[in-house]
Amino acid sequence: MKKQYIFLLIIFVLFYMLYLIFSYKYKEYKINSHIEEITKLNQEIEQSITDAENLIEYKNTLAYKNKLLKQEQWLKNKDEKVVYLTDEKKYKKFTDPKSMSNYEETGAVEETRKENDIIDSMSNFEKWNYYIFKKNN
């Protein structure tokens, strides 16, 4: 009878040791996977920080400021001329208060929609011809 108890005790100790080994390995796996996720996240954050620093550095350059001011037409050199992509008639149609009140009544909305539909259906070459030479093929 004693041998049976000793055998059962040995089996219990064996199962307990297996349980400890498996629980340790599972915890180790969870910790390692968590460490890998954190390192990937750190790398992504470091990359976004370097990208942001490069962008800030670029935006602080004189060339970028000059480009931005020229785009907004605040900065013009002595011999530079401003190029307007819309003609004066269209510009006044949207800025003149008198024409804005008549805008809905005159059907200008439909006219611009039709013109936009025509332009959208053109190829790039045809669009350039239309904008530069005012020719509609």
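Residues numbered from 1 in each chain as written. Predicted model: local features only at pLDDT ≥ 70, side-chain atom pairs only at ≥ 80, totals over all residues. Heavy atoms only, no water.

Draft legend 1. Geometry of the overall build of the chain. Within the chain one finds seven helices and zero strands. Listing every helix and strand of the chain by position from the N terminus yields α-α-α-α-α-α-α. A total of 137 residues make up the chain; the buried ones form 9% of that total. Of the contacts made within the chain by residues no fewer than 6 positions apart, 3% connect residues no fewer than 24 positions apart. Carbon together with sulfur atoms contributes 61% to the accessible area of the chain, which is approximately 13400 Å² in total. (Helix = DSSP H or I, 4+ residues; strand = E, 2+ residues; numbered from the N terminus. Buried < 20%, exposed > 50% of the residue type's maximum accessible area, 1.4 Å probe, protein only. Contact = heavy atoms within 4.5 Å. Areas by Shrake-Rupley, 256 points an atom, 1.4 Å probe, with all protein chains shown as cover.)

Draft legend 2. Broad picture of the confidence of the model for the chain. On average, residues of the chain score 82 in pLDDT, and 81% of them are at 70 or above. Confidence scores differ between elements of the chain, with helix 5 (residues 103–106) showing the lowest mean pLDDT of 53 and helix 1 (residues 2–59) the highest of 95. (pLDDT = per-residue confidence, 0-100.)

Draft legend 3. Layout of a nonpolar patch on the surface. A contiguous nonpolar patch, built from L14, F15, L18, I21 and F22 and spanning about 530 Å² of accessible area, is present on the exposed surface. On the secondary structure map, F15 appears in helix 1. (Patch = residues over 30% accessible without salt bridge, like charges linked within 9 Å, V, L, I, M, F, W, Y side chains within 5 Å. Salt bridge = Lys/Arg side-chain N within 4 Å of Asp/Glu carboxyl O.)

Draft legend 4. Spatial organisation of the environment of E115. Mapped onto the elements, E115 comes out in helix 6 (residues 108–120). The buried category is assigned to E115, whose relative accessible area is 17%. Apart from the residues within four sequence positions on either side, E115 is in contact with K90 and Y130.

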